[in-house]
Amino acid sequence: MKTLYDKLWEAHVVHAESDKPDSTVLLYIDRHLVHEVTSPQAFEGLKLAGRKPWRTRSILAVADHNVPTTNRKNGISDPTSQLQIETLDQNCDELGITEFKMNDLRQGIVHVIGPEQGATLPGMTVVCGDSHTSTHGAFACLAFGIGTSEVEHVLATQCLVAKKSKSMQVLVEGVLGKGVTAKDIALNIIGKIGTAGGTGYAIEFAGNAIRSLSMEGRMTLCNMAIEAGARAGMIAVDDTTIDYIKGRPFAPKGQMWESAVNYWRTLKSDEGAVFDCVVTVNAAEISPQVTWGTSPEMVTSIEGSVPDPESIFDLSKRNDVESALKYMGIKPNTPIQAIYLDKIFIGSCTNSRIEDLREAASILKGKRIADNIKLAIVVPGSGLVKSQAEQEGLDQIFRAAGFEWREPGCSMCLAMNDDKLLPGERCASTSNRNFEGRQGPGGRTHLVSPAMAAAAAVAGHFVDVRLIH
Amino acid sequence: MKKFTDCDGLAVPLDRSNVDTDAIIPKQFLKSIKRSGFGQNLFDEWRFLDTGEPGKENLHRKLNPDFVLNFPRYQGARILVTRDNFGCGSSREHAPWALQDYGFEVIIAPSFADIFFNNCFKIGLLPIVLDSKVVEKLIAQIQATEGYRLAINLEAQTVTTPTKECYHFDVDSFRKHCLINGLDEIGLTLQHTDKIKLFEQKRQSEQPWLFI
């Protein structure tokens, strides 16, 4: 009886130091995704050591963190961002690595374009110098983020030195309420187990509520596994997975497709497989979630209020809540619905896929953003998502509602480009991290689903999207 | 990689949990294509009262006198003692680079985020997990005693306090071996080149779609 994680792990062990289950192993890497921020030092190290990439065709590169989301034709105004992107372009050109350059229609956030191109396939090990690589686990991949030294290691050897994690099953059963999304499941789970709850584990999400999710929803959920501390999140293969992959540019075709599908269908945990830890969640009990603090675990439902540090017994926790509320500029016991916003950001590798944009647009149709909203932006996850949305007329809905319709990239999720919050500004964001300064120094982030962000844009403060649906 | 065998140094307490990599090194400094120079912007938003930008000279910036790293008594600290889930968030190796470049050689906490923990070993920065009660005690002692030093011995896997209390810590034997000898992990892996090639050939024949 094996878990999906056992199967993926065992299929990639090139060499084990010992027979023990916790042995250090050399793990073979099938797909290496590369972006401009965490790769320049790795390419430089490779060059200095006189080494070449082991398997160039395993690499797919794209610039996403630094790219501007407006006026791309004019180039990049920030010279340091420009140098970083040019460095990636040069490294890829020199080494013959496939790269989608900034003005390529296929350019976008690395975790959006991998699956979109079919470069992420079930059964793969997928790594990238980015913690949100867990996203690709939605395709029954073993996918996790690595540091720059490891990027260099994978470039040089096609392997990583690794140790197996413990396994956790998060079982989500029941039917999600209308207007409640994968993002709400993710935030709810993080609220339950904490941002370190998954540390040392690889999480498999299972249960009928997960089976009912689209691939976009599954990617959102696996994307946030890292916010629960787990390096990897994964979901077994089913028809939804296979239907999504079929016909994508990097996906196999013809006879090879048939063989691949036969293998992919084995990528699920065996009946009766034992996990080191099981967490159960009732989908029907999940309400739309809103974070109120500076860690994704500082979250409550739209019906809730922010906590009162006075009522927290644990001194260290009380200090954390006090300092979070101080940073966020919110008084204890404030109802979530009484929190007013300055900016709205719909985007990021968590929520910038076509389904996310459809959801947000369905709330915004025929409405306008509130007067107190200074800026509302939609940043599609890729050029292809953008063009699909335009074909469906979603851009018109966003624009008519007062949103700006931008070019694809990471944008205000981490504010490495010009899209950022000013000190003290408060934002409803569909991204993944509400850390201090994440969206700009002094900026205040509340994480929500695209539907909740859209509803908040119209009301000017958080509202229960279920009442609009 | 930088060798690590032992460290006898001044300790500084960072008394908060869930310190994320955005706090350790804010994103605007990640635009550098170099591996060095990140120490001057370590904990930038906490250490300085103004907003830091790449290329801005620290000499002309106002330090935050309330942030612990700025206290005169902790200048020259080489050991950071902190709380749970240190290094959570992004995979940026710039975070351990910044800590090391600033002068830290050891980070002690009850728990670390996985990727950060892993990244530290790759550059010769030692993350040590100690029981939360021990960390609690260490933080209190450091705060109470000016000039408080800790002695770390990687070979013996011990942390020793000035009053000779000695705490054992666990470390993976392979990682310990690499740290003590300052080994190049890529070089080690490439000793298995034949095995990797063989594995790859088998994989290609069984799952050719992975190689298109």
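Our structure is the block above this text.
Residue positions are counted from 1 within each chain, in the order its sequence is given. Chain letters start at A and ligand numbers start at 1, both assigned in the order the entries are written. Reporting in this predicted model follows two pLDDT cut-offs: at least 70 for local features of residues, and 80 or more for side-chain atom pairs to be given and counted; totals over whole chains, interfaces and linings ignore these cut-offs and use all residues. Only hydrogens and water are removed before side-chain values are computed, so all heavy atoms of the structure are retained for them.

Draft legend 1. Region of interest: the pattern of salt bridges. Basic side-chain nitrogens of Lys or Arg form a salt bridge, by our definition, when they fall within 4 Å of a carboxyl oxygen of Asp or Glu. Evaluated as defined, the whole model comprises 43 salt bridges over all chains. The shortest N-O distance in the salt bridge between Arg 55 of chain A and Glu 200 of chain B comes to 3.4 Å. Taken as a pair, Arg 55 of chain A in the loop between helix H2 (40-48) and strand E4 (59-62) and Glu 200 of chain B in helix H8 (residues 193-206) lie in two separate chains rather than in one. The pair Arg 55 of chain A / Glu 200 of chain B is uniform in exposure class, with both members buried. It is possible to trace a salt-bridge network through shared partners that takes in Glu 150 and Arg 231 of chain A together with Lys 122 and Glu 185 of chain B. Think of it this way: any DSSP run of H or I at least four residues long counts as a helix, any run of E at least two long counts as a strand, and we number them from the N terminus. Each residue gets one of three labels from its accessible area relative to the maximum for its type: buried under 20%, exposed over 50%, partly exposed in between, using a 1.4 Å probe on protein chains only.

Draft legend 2. Inspection of the interface of chain A and chain B at higher detail. Contacts between the two partners involve 75 residues from chain A, matched on the other side by 54 residues from chain B. Buried surface area refers to the total accessible area, computed with a probe of radius 1.4 Å, that the two partners give up upon joining, counted for both partners together. Taking both sides of the interface into account, the surface hidden between chain A and chain B amounts to around 5500 Å²; carbon and sulfur atoms contribute 56%. Looking at the side of chain A facing chain B, the largest losses of area belong to Gln 41, Trp 54 and Glu 436 of chain A, adding up to 11% of the total buried there. The interface formed by chain A and chain B holds nine salt bridges in total. Residue Asp 22 of chain B pairs with Arg 438 of chain A through a salt bridge whose shortest N-O separation is 3.0 Å. Pairs of N or O atoms are called polar contacts if they sit within 3.5 Å, as long as, within protein, a hydrogen donor faces a hydrogen acceptor (for residues adjacent in sequence, only side-chain-to-side-chain pairs). Our count for the contact surface shared by chain A and chain B stands at 35 residue pairs in polar contact (both at pLDDT 80 or more). The contact criterion used throughout is that any non-hydrogen atoms of two residues lie within 4.5 Å.

Draft legend 3. Highlighting the packing of aromatic side chains. Residue and element names in this part refer to chain B. Only Phe, Tyr and Trp rings take part, Trp by its six-membered ring, and two of them pair if their centres are within 6.5 Å. Stacked means planes under 30 degrees apart, edge-to-face means over 60, and tilted covers everything else. One pass over the structure, following the stated rule, counts 19 aromatic pairs over all chains. A ring pair is formed by Phe 43 and Phe 67, whose centres lie 5.8 Å apart and whose planes are at 65°; its orientation type is edge-to-face. Placement of Phe 43 in the loop between helix H1 (21-24) and helix H2 (44-47) and of Phe 67 in the loop between H2 and strand E2 (79-82) is noted, with a sequence separation of 24 residues between them. Each member of the pair Phe 43 and Phe 67 is classed as buried.

Draft legend 4. Region of interest: the sheet that holds E4 of chain A. Residues and elements named next belong to chain A. Two strands pair if DSSP finds at least two bridges between them. Reading across the sheet, the five strands line up as E5-E4-E3-E6-E7 and stay open at both edges, with parallel pairing between neighbours. The two strands at the open ends of the sheet, each matched to only one other strand, are strand E5 (98-100) and strand E7 (142-145). Strand-to-strand twist across the sheet, computed as the mean angle between neighbouring axes with direction ignored, equals 20°. The pairing of E4 with E5 spans three bridges and is parallel. Here an angle of 0 to 180 degrees is reported between the N-to-C directions of two axes, which are lines fitted to C-alpha atoms, with helices fitted over the stretch in contact.

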